[in-house]
Amino acid sequence: MSVIQRLSRLLYVLSLVLAASGSGLHGRNNSVSHEYCVLGAGPAGLQMGYFLSRSQRDYIILERNTGPGSFFHIYPRHRKLISINKIYTGRRNKEFNLRHDWNSLLSDRPDLLFQRISQELYPSADDFPRYLSMFVKELGLKVKYGADIGRIKTSDLNGNQGYILTDQNGVSYQCSVLLVSTGLWVPQQVDFLGSDLVEGYESIPTDPEEFKDQAVLILGKGNSAFETAQSILGRASRIHLYSPSPVRLAWQTHYVGDLRAVNNELLDTYQLKSLDGLVEGRLEDIAIVRREKDGGKRRTAKKRSQTPTEGKEQLYLTLTELLDDQNGNNISKVTGQNLPGYHTDNFSLRQPYDRVIRCLGFRFNFSIFDGSARPPQSSGARGRLPGITACYEGRGTPNMFVLGTAAHSRDYRMSAGGFVHGFRYTVRAVHKILEQRYHNIAWPATELSISQLQSWILRRVNEASGPYQMFGVLGDIILLRGSYCEYLEEFPLQALPQLSALSGRLLSDHGLLVLVMQYGLNQTDTLGPGRAESEWTKAWRSNFLHPVLYYYNTLPTEKDMRQRPVSWPLPRPEAVHHMVEDFLTEWDQPISHSQPLRHFLEHCLQTDLRAFYAESCFLLSLTSRTPPLFCRQGYLRKQGIVGNSHLWQHAREAGLMADHQGDTSVSEYLKHAGAAVVSAMNFDL
């Protein structure tokens, strides 16, 4: 046998050994089980990973790419984030500073903040994956990269519905609870005649020079559309934006997903008449056609070159109803009579374009879910999002929860749940729900004496970031128990009817208070005179973000939630209190904020909540059978300044106490002081 033959046989045997070894290895790892599977290593998935890790749960984060936050390697295309990174606030309070840090995730590490990566107010998109990688590494999160899940189906796990996820290698991951945090990454498209001639936001060139002296039509009026327009504003000959809705400005609507000022320079060139403009119209009714210089033909089957050259066919926007042949599979002549300008000679978009760009946002990827594992489409947001319950569980898909941007259907165009600075708090709320449902650990609560409630509320409205960012969606729940209360932070308000089941906390006969941050419902000129209310007696007219307290005798029902007034976060309560809006967002003034709040709490609790000096408590305890609550829960429990020698001396000098205590009875003290025990004082309001 020759050397070559022996070598060939050796290689053949070796290949069999490796194949057998690989087969056995694959067989042993073909199925993996975890209690929790988190799908996606974006910010929402990593945020949930942190909470699961801290609770020492069995979990795995599955990511199809080689690192976290892969979406931000591509988007936004022009690489500037619009999430605020305000690191200089004049304050050192971490919770307060998170109100103005829109990029950091929550953790018990005070140094694990985005500002370690960037100090720019609007950072580069490249910085965010770097921050997420740091978050994973320093917290030791369990992430498996390169696991591209292509199929998700349900399975029966001891009588409960679980899920099986299969990746590109045939490896299956079985889990009792599935947490979907894939975000939105499938480009949103509208099917119309000639849509194949349109370039997508996801693939357009980002070099402004490639748009030099070109006329550009952009479909859409969101941030991606204006971001694209702004990048070519100094190169394109004219830019028109077309969509069904007028442009909505974030500083007017208070919705961070609307057009941000950092992207809106085209509004200047539009209103100052420098060739650019905005037009409204239904996308489903239009057609994009090519018209050759000889009167040529409309074509919809051939892709447009991304770099038009001199003399190349241009694109016209027309209406489908004006075309002679409306069948998109055929080719028909396009003449002037087919164009709106023929019928209305001042039609806004009568001039041709060199290129048309689609910037319509993104949608959830429903394609990886089988049958019963697929959540329904939401009724809002044009069906781009999955439909979920008030506790972020998929409708009809028990034990599957949706997190992050994909869960924005619960507060679409209402609050910040579609963005990092909002969903980091909803993810934390979902984790608390998981702990109660699957591990019988009640929602964390702080037990407070009623006399402490006012100061606790004031601290929350002046510091707390969760209700501030997720205004109208997450609120603090105060379960009243008589002389004390239980304070639950950042509960999903729309799930209030299921409070007991989701939190493990029962309601008493004393009722509950709900603290919410919300904007006013009055329509005002956002920058005009009279836009703000400064008089505390008219706090209910506040337009800007401000705290609102709702008092209920009993828990609102599902029917109550459905029938609540339009734009109200909660049903009508037994009593409601608005804390007047404040220019500095500091609700700490004694007359405008503290005193009205105390009167409201006293009305709801039927208790005197005034605070007294120790001397006053001492006197009231001698002259009344029922001293104020503040004295009973503080001073009389020796929580005041009881042992202060100066106070004792003051009491002796005032004749309230004898020079020595000895065995003198209380009646002798009262006789010596000339005081009478009275019972006519009414401390209840």
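What counts and how
- Residues numbered from 1 in each chain as written.
- Predicted model: local features only at pLDDT ≥ 70, side-chain atom pairs only at ≥ 80, totals over all residues.
- Heavy atoms only, no water.
- Axes fitted to C-alpha atoms, helices over the stretch in contact; angles between N-to-C directions.
- Helix = DSSP H or I, 4+ residues; strand = E, 2+ residues; numbered from the N terminus.
- Parallel < 35°, antiparallel > 145°, perpendicular 65-115°, else oblique.
- Left-handed = near helix turned anticlockwise from the far one by under 90°.
- Contact = heavy atoms within 4.5 Å.
- Nonpolar A, V, L, I, M, F, W, Y, C, P; charged D, E, K, R; others polar.
- Pairing = 2+ DSSP bridges.
- Salt bridge = Lys/Arg side-chain N within 4 Å of Asp/Glu carboxyl O.
- Buried < 20%, exposed > 50% of the residue type's maximum accessible area, 1.4 Å probe, protein only.
- Phe/Tyr/Trp six-rings, centres within 6.5 Å; stacked < 30°, edge-to-face > 60°.
- Lys NZ or Arg CZ within 6 Å of the ring centre and 35° of its normal.
- Core = buried A, V, L, I, M, F, W, Y, C linked by side-chain atoms within 4.5 Å.

- As recorded in an unreviewed UniProt entry, the protein goes by FAD-dependent oxidoreductase domain-containing protein 2 and comes from Sinocyclocheilus anshuiensis.

## A word on the packing of helix 10 (residues 450-463) against helix 14 (residues 590-605)
Reasoning step 1: At a minimum axis distance of 11 Å, the contact between helix 10 and helix 14 shows a crossing angle of 140 degrees. One element, helix 10, and the other, helix 14, form an angle in the oblique class. As helix 10 packs across helix 14, the resulting crossing turns out to be right-handed. Within the contact between the two elements, helix 10 uses Ile-450, Leu-453, Gln-454, Ile-457 and Leu-458 and helix 14 uses Ser-594, Leu-597, Arg-598, Leu-601 and Leu-605.
Reasoning step 2: Considering only residue class, the contact of helix 10 with helix 14 consists of 7 nonpolar, 2 polar and 1 charged.

## Structural notes on the sheet that holds strand 8 (residues 199-200)
What holds strands together in a sheet is hydrogen bonding between their backbones, with the strands either parallel or antiparallel.
Reasoning step 1: The 5 strands lie next to each other as 8-14-9-10-11, forming an open sheet whose pairing is parallel. This sheet does not close on itself; its edge strands, each paired only once, are strand 8 and strand 11 (277-280).
Reasoning step 2: With 2 bridges joining them, strand 8 and strand 14 (residues 355-358) adopt parallel strand pairing. Residue pairing for strand 14: Glu-199 is matched across the bridge by Ile-357.

## Focus on the pattern of salt bridges
Reasoning step 1: For the structure shown, the criterion picks out 26 salt bridges.
Reasoning step 2: Across the pair Arg-130 and Asp-127 runs a salt bridge whose closest N-O atoms are separated by 3.0 Å. Taken together, the residues span about one helical turn, with Arg-130 and Asp-127 both in helix 4 (residues 127-139) at a distance of 3 residues.
Reasoning step 3: Since its relative accessible area comes to 11%, Asp-127 is described here as buried.
Reasoning step 4: Notably, a salt bridge pairs Arg-428 with Glu-490, separated by 2.8 Å at the nearest N-O pair.

## Remarks on the packing of aromatic side chains
Reasoning step 1: Using the criterion set out here, one finds 22 aromatic pairs in the structure.
Reasoning step 2: Ring centres 4.8 Å apart and planes at 35 degrees place the aromatic pair Phe-71 and Tyr-75 in the tilted group.
Reasoning step 3: When its relative accessible area of 29% is taken as the criterion, Phe-71 is described as partly exposed.
Reasoning step 4: For Tyr-75, a relative accessible area of 9% translates into the label buried.
Reasoning step 5: Taken together, a centroid distance of 5.9 Å and an interplanar angle of 25 degrees make the contact between Phe-364 and Phe-369 stacked. With respect to class, Phe-364 is no different from Phe-369; both count as buried.
Reasoning step 6: Counting every residue linked through ring pairs, the aromatic cluster contains Tyr-50, Phe-51, Phe-71, Phe-72, Tyr-75, Phe-114, Phe-128, Tyr-131, Phe-135, Tyr-201 and Phe-362.
Reasoning step 7: The ring of Tyr-353 has Arg-238 lying over it, and the distance from NZ or CZ to the ring centre is 5.1 Å.
Reasoning step 8: The positively charged end of Arg-572 is found above the aromatic ring belonging to Trp-568, 5.0 Å away from the centroid.

## Remarks on the packing of helix 2 (residues 43-54) against helix 4
Reasoning step 1: Interaxial distance between helix 2 and helix 4 falls to 11 Å at its minimum, and their mutual angle equals 15 degrees. Considered as vectors, helix 2 and helix 4 are oriented roughly parallel to each other. For the element pair helix 2 and helix 4, the recorded crossing hand is left-handed. Residue-level contacts link Pro-43, Leu-46 and Tyr-50 of helix 2 to Phe-128, Leu-132, Phe-135, Val-136 and Leu-139 of helix 4.
Reasoning step 2: Here the residues of the contact of helix 2 with helix 4 sort into 8 nonpolar, no polar and no charged.

## Some words on the environment of Val-334
Reasoning step 1: Relative to the helices and strands, Val-334 is located in the loop between strand 13 (314-319) and helix 8 (340-343).
Reasoning step 2: The spatial distance from the C-alpha of Val-334 to the C-alpha of Tyr-316 is 9.9 Å, given a sequence separation of 18 residues.

## Comments concerning the pairing of strand 4 (residues 149-157)
Reasoning step 1: Pairing of strand 4 with strand 5 (residues 160-167), which is carried by 8 bridges, proceeds in the antiparallel orientation. Along strand 5, the bridge assignment pairs Thr-154 with Tyr-163.
Reasoning step 2: Taking the residues that link successive antiparallel strands as the turn, the strand 4-strand 5 hairpin has 2 residues, and the phi of Asn-158 there is positive, at about 55 degrees.

## As for the sheet that holds strand 20 (residues 512-518)
Reasoning step 1: Spatially, 6 strands are ordered 17-19-18-20-21-22 in an open sheet, and the strand pairing comes out antiparallel. Edge strands, defined here as strands with exactly one partner in the open sheet, are strand 17 (445-449) and strand 22 (575-578). If you compare each strand with its neighbour and ignore which way they point, the axes differ by 20 degrees on average.
Reasoning step 2: Pairing of strand 18 (residues 474-480) with strand 20 involves 4 bridges; the strand directions are antiparallel.

## Describing the nonpolar core
Nonpolar side chains in soluble globular proteins generally cluster together in the buried interior.
Reasoning step 1: Judged by nonpolar contacts, the single largest core of 118 residues is most densely connected at Leu-46, Ile-152, Leu-165, Leu-178, Leu-179 and Val-514.
Reasoning step 2: With 8 residues, the top contributor of residues to this core is helix 9 (residues 420-439).

## Thoughts on unusual backbone geometry
Reasoning step 1: The omega torsion of the bond from Tyr-75 to Pro-76 falls at -10 degrees, within 30 degrees of zero and hence cis.
Reasoning step 2: Mapped onto the elements, Pro-76 comes out in the loop between strand 2 (59-63) and helix 3 (94-97).
Reasoning step 3: Positive phi, close to 50 degrees, is recorded for Thr-585, a residue that is not glycine.
Reasoning step 4: Locating Thr-585 in the fold gives a position in the loop between strand 22 and helix 14.

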